[in-house]
Amino acid sequence: MLRTMLWSALVAVAMAPQATNQAPAMRDPRNAAEFDDLFRKVSNWGRWGRDDQLGSVNLVTLAKRRQAIALARDAVSVSLAQTSLTESAADNPRPLEHSMNPRLSQPPLFALMDTYRLSYHGVAHSHLDALCHVLYKDRAYNGYARSEVDSERGCTKLGVDNLKSGIITRGVLLDIPRLQNTPYLEPGTPIFVEDLEAWERKVGVRVGAGDALILRTGRWARREKVGPWNVVERAAGLDASVASWIKARGVALIGSDAALDVLPSRVEGVYLPVHLLMITALGINLLDNQNLEALANTAVKLNRWEFMLTVAPVPVAGGTGSPVNALATF
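Residues numbered from 1 in each chain as written. Predicted model: local features only at pLDDT ≥ 70, side-chain atom pairs only at ≥ 80, totals over all residues. Heavy atoms only, no water.

When helices and strands are tallied, the chain shows ten helices and 13 strands. Here the chain holds 330 residues, and the buried ones make up 49% of them. Across the chain, contacts joining residues at least 24 apart in sequence account for 79% of those joining residues at least 6 apart. As displayed, the chain offers around 16,500 Å² of accessible surface, 54% of which is attributable to carbon and sulfur atoms. With 36 positive and 33 negative side-chain charges, the chain shows a spacing of 5 Å between the two charge centroids. (Helix = DSSP H or I, 4+ residues; strand = E, 2+ residues; numbered from the N terminus. Buried < 20%, exposed > 50% of the residue type's maximum accessible area, 1.4 Å probe, protein only. Contact = heavy atoms within 4.5 Å. Areas by Shrake-Rupley, 256 points an atom, 1.4 Å probe, with all protein chains shown as cover. Lys, Arg positive; Asp, Glu negative; His and termini not counted. Charge placed at Lys NZ, Arg CZ, Asp CG, Glu CD.)

The structure is reproduced here in structure tokens:
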């Protein structure tokens, strides 16, 4: 009897999941050739016509906007913006410059006026990427050649001014640290389709056509605890293998608390593969560097993971993006 009990215990230990420090297994795309195949597979070029400049925002229909507006029943509004950082740091090499204009504060005007200087692209400031922001093999979204897009005065096509009327749609928060019972993900942690679907099952909300997927990695919670680090080199984020899932679900807009990609890149020879797949192949605008801590806390308090999302970029003619204060309304 004792021998049987000991044998059973040994079998149980052998079959139990073992802790491991091994890196997650690599998945397609793993290299530039596989990336090219996936790019072609998920491409939305021509889907809404050869002259289209809106990309996946076309999926935000009148019915989707009405669905989103109906979610604002609690009248609770939360900003997703990270207050622009004014001090140089490892994750903020180009701080916001804010200066007052003293001459305009004198008689007869008596007005307080100031000037902002902000290089918003990067990993510090909350912003929206326009569809002309990144190109792959000298082609922008919908197959526009660099010569058709790039000029000294800005983007001649696909500029942020195409979103002058703003975006109102259903936002869905996917809180991966909360799924894993941790305050934040460690830099370099990849997020896969099974993580996204596990979160959907956990909270009972499914990402659908025309939705904005808002991905929390806990980047700002980690920064608050351990300080800034070089997010350009190491960040938790999506693995490029999620691109087919994103297309199949009909996602219209994606936001995250960093720059969306897991870093270092898990695709050899391709930097920021998720950026390229989302913006250039699928035509999805990205909301980078959103601070999702207040949003996550509000979602927990209300036990609601869907909300009306409002995004209103500054419509600079030909702009490659815009600083933005996105709002979630429950």
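Quick look at the confidence of the model for the chain now. On average, residues of the chain score 92 in pLDDT, and 91% of them are at 70 or above. Taken element by element, the chain is modelled with least confidence in helix 1 (residues 2-15), mean pLDDT 38, and with most confidence in strand 7 (residues 212-216), mean pLDDT 99. Per-residue pLDDT stays below 50 along residues 1-20; that stretch engages in one contact with residues further than four places along the chain or on separate chains. (pLDDT = per-residue confidence, 0-100.)

Okay, the side chain of Q82 next. Along the chain, the position of Q82 falls in the loop between strand 1 (77-79) and strand 2 (97-100). Residue classification places Q82 among the buried positions, given a relative accessible area of 15%. Side chain to side chain, Q82 and N291 meet in a polar contact 2.5 Å long. Q82 has contacts with A124, S126, W220, N289 and N291, leaving out every residue within four places of it along the chain. (Polar contact = N/O pair within 3.5 Å; in protein donor to acceptor, adjacent residues only side chain to side chain.)

The next point concerns the sheet that holds strand 4 (residues 127-129). Taken in spatial order, the nine strands of this open sheet run 1-13-11-5-7-9-10-4-12, and their pairing is mixed. Unpaired on one side and paired on the other, strand 1 and strand 12 (321-323) mark the two borders of the sheet. Each neighbouring strand pair of the sheet contributes to a mean axis angle of 25 degrees, computed without reference to strand direction. With three bridges joining them, strand 4 and strand 12 adopt antiparallel strand pairing. Pairing of D129 across the sheet is with G321, part of strand 12. Where helix 3 (residues 62-70) meets the sheet, its contacts fall on strand 5 (167-175) and strand 11 (306-311), and the angle it forms with strand 5 comes to roughly 60 degrees. (Pairing = 2+ DSSP bridges. Axes fitted to C-alpha atoms, helices over the stretch in contact; angles between N-to-C directions.)

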